[in-house]
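Remarks on the overall topology
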Amino acid sequence: MTASLDRLTELRRALPVTAAAMFVVALFVPVWQIAFEAPQYPEGLLVELYAYPRLGGDYAEVQALNHYVGFYYPDPVFVEPNYAVHPDAIAAPEWILGPIVFLAVAAAGVFVAFAPTGRKLRLGLLGQLIGATVAFVGTFTIVQYRLYQAGHALGDSAPIVGVEEFTPPLLGGYQIANISGVAWFGPGGYLTGLGFLLLVAAFLLRDSQATIGEAVDALRRRRRSGDQSDERGGNVRPTEEPRTGVD
């Protein structure tokens, strides 16, 4: 057991474990958020989306605005979310699988990190990177499709009629009637992105047995070398231009 734990100091093993911790933490904070501006709310509104059926922020106020054009939050189907589900809301039953996706990718990282041989470790890093890519790209695609559905199913009974169908982007801005919004990552989204980059780094280091300590020492030596170069450079006196003898 001690030998297995010692191997975790290798970067190619430590990085997937660190990424796994980030994926777990991402479940407890919003992964996505959208900021709204409307004449009724000059200070703006913010809605936060979690990896499981839950919204945060000013979701009640934003739903009141969305009601005017017939745009509703999705229906998770199998669970009761923390917001009122409108009868005309589109069904998004896969939302309940969000935690499973994050926990599965995290568990794979820990499992791969304890691979007994270098060959199995390399295969595991490749498999996890492919699996994480499919999982997160697939999730992104499904969420964007649900947004497309919601924006193209505006109710005919909405107070404001004649609004053109639209597709809210997962990342970026849009405007509908007199409401504008900008969507971007929440804290969980940044954690997920950083965790994915760590998986990429671990795969690139799959043939290296460099440890965390060796990487830290290398950074320290590089920094010390840079400081010494700066000191030497600071002691050099500027060269005086030759005098021409003409005042």
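Scroll up to find the structure this text is about.
The paragraphs below set out a description of the structure included in this document. Here the structure is a predicted model, which means the values were calculated and not measured. (Residues numbered from 1 in each chain as written. Predicted model: local features only at pLDDT ≥ 70, side-chain atom pairs only at ≥ 80, totals over all residues. Heavy atoms only, no water.)

1. A closer look at the pairing of strand β1 (residues 32–38)
Rules: Burial classes follow relative accessibility: with a 1.4 Å probe on protein chains only, a residue under 20% of its type's maximum area counts as buried, one over 50% as exposed, and anything between as partly exposed. Per the convention used, a helix needs a DSSP run of H or I reaching at least four residues, while a strand needs a run of E reaching at least two, with both numbered from the N terminus. Two strands form a pair only when DSSP identifies at least two bridges running between them.
The side-chain alternation of β1 yields one buried face, formed by Trp-32, Ile-34, Phe-36 and Ala-38, and one unburied face, formed by Gln-33, Ala-35 and Glu-37. Hairpin remark: β1 followed by strand β2 (residues 41–49), antiparallel, with two residues in the connecting loop.

2. Some words on helix α4 (residues 98–113)
Stated formally: Expected helix span is computed as 1.5 Å times (number of residues minus one). Each direction from the helix axis to a C-beta atom contributes to the arc, which is the arc of those directions. Only heavy atoms matter for contacts: two residues are in contact if any of them lie within 4.5 Å across the pair.
Counted at 1.5 Å a residue, the expected span for α4 with its 16 residues is 22 Å, and the 23 Å between its end C-alpha atoms agrees. Every buried residue of α4 is listed here: Gly-98, Phe-102, Val-105, Ala-106, Gly-109, Val-112 and Ala-113. Along the axis of α4, the buried residues cluster in a sector spanning 130 degrees; they form a single face. Of the exposed residues in α4, the ones pointing more than 90 degrees away from its buried face are Ile-100 and Phe-111. Contacts made by the buried residues of α4 are with α2 (11–26), α5 (118–151) and α6 (187–204).

3. Examining the sheet that holds β2
Quick note on the threshold: To obtain an axis, a line is fitted to C-alpha atoms, over the contacting stretch when the element is a helix, and the angle between two such axes runs from 0 to 180 degrees between their N-to-C directions.
The strand order across the open sheet built from five strands is β3-β2-β1-β5-β4, with neighbouring strands paired in antiparallel fashion. A single partner strand is all that each edge strand has here, and the edge strands are β3 (55–57) and β4 (172–176). Taking the axes of each pair of neighbouring strands and ignoring which way they run, one obtains an average angle of 25 degrees across the sheet. Sheet topology places β1 next to strand β5 (residues 179–185); six bridges connect them, and they run antiparallel. Of the residues in β5, the one forming a bridge with Gln-33 is Trp-184. On top of the sheet, helix α3 (residues 59–66) reaches β1, β2, β3 and β5; it is set at about 105 degrees to β2, its chief contact.

4. Looking at the packing of aromatic side chains
Our working rule: Stacked, edge-to-face and tilted are the three classes for Phe, Tyr and Trp ring pairs, Trp counted by its six-membered ring, which pair at centre distances within 6.5 Å; planes under 30 degrees apart are stacked, over 60 edge-to-face, the rest tilted. Lysine and arginine charges are scored as sitting over a ring when NZ or CZ, respectively, is within 6 Å of the ring centre and within 35 degrees of the ring normal.
Under the defined criterion, the tally for this structure stands at 10 aromatic pairs. Ring centres of Phe-23 and Phe-136 lie 5.5 Å apart, and the angle between their planes is 50 degrees; on these two criteria the pair is classed as tilted. Linking Phe-23 in helix α2 with Phe-136 in helix α5, this pair joins segments that are 113 residues apart in sequence. Put simply, the rings of Phe-23, Phe-102 and Phe-136 touch in pairs and so form one group of aromatic residues. Its end group placed over the ring of Tyr-50, Arg-54 keeps NZ or CZ at 5.6 Å from the ring centre. A cation sits over an aromatic face here: Arg-206 above Phe-203, 4.1 Å from the ring centre.

5. Digging into the side chain of Glu-48
Stated formally: Within this scheme the basic residues Lys and Arg register as positive and the acidic residues Asp and Glu register as negative, but His and the chain ends are omitted. Salt bridge, as used here, is a side-chain nitrogen of Lys or Arg placed within 4 Å of a carboxyl oxygen of Asp or Glu.
Along the chain, Glu-48 falls in strand β2. Notably, Glu-48 is buried but unbridged: the nearest opposite-charge side chain belongs to Arg-54, and the N-O separation is 7.8 Å. Discounting chain neighbours no more than four positions away, the residues touching Glu-48 are Pro-30, Trp-32, Gln-33, Arg-54, Leu-55, Gly-56 and Gly-57.

6. Describing the environment of Trp-184
Structurally, Trp-184 can be placed in strand β5. On the accessibility criterion, Trp-184 (42% relative accessible area) is partly exposed. Each C-alpha atom of the pair Trp-184 and Tyr-174 lies 12 Å from the other, and the pair is 10 residues apart in sequence.

7. A closer look at α5
For the α-helix, the turn length of 3.6 residues means that residues three or four positions removed from each other point alike. Its 34 residues give α5 an end-to-end C-alpha distance of 49 Å, which sits within 8% of 50 Å, the value for a rise of 1.5 Å per residue. Inspection of α5 places Leu-121, Gly-124, Leu-125, Gln-128, Leu-129, Ala-132, Ala-135, Phe-136, Leu-147, Ala-150 and Gly-151 among the buried residues, and these make up the whole buried set. Its buried side turned inward, α5 meets α2, α4 and α6.

8. Quick word on the pairing of β4
In the sheet, β4 pairs with β5 via five bridges, with the strands oriented antiparallel. Its bridge partner lying in β5, Gly-172 is registered against Ala-183. In this structure, the hairpin formed by β4 and β5 is closed by a connection of two residues, where Ala-177 is found at a positive phi of approximately 55 degrees.

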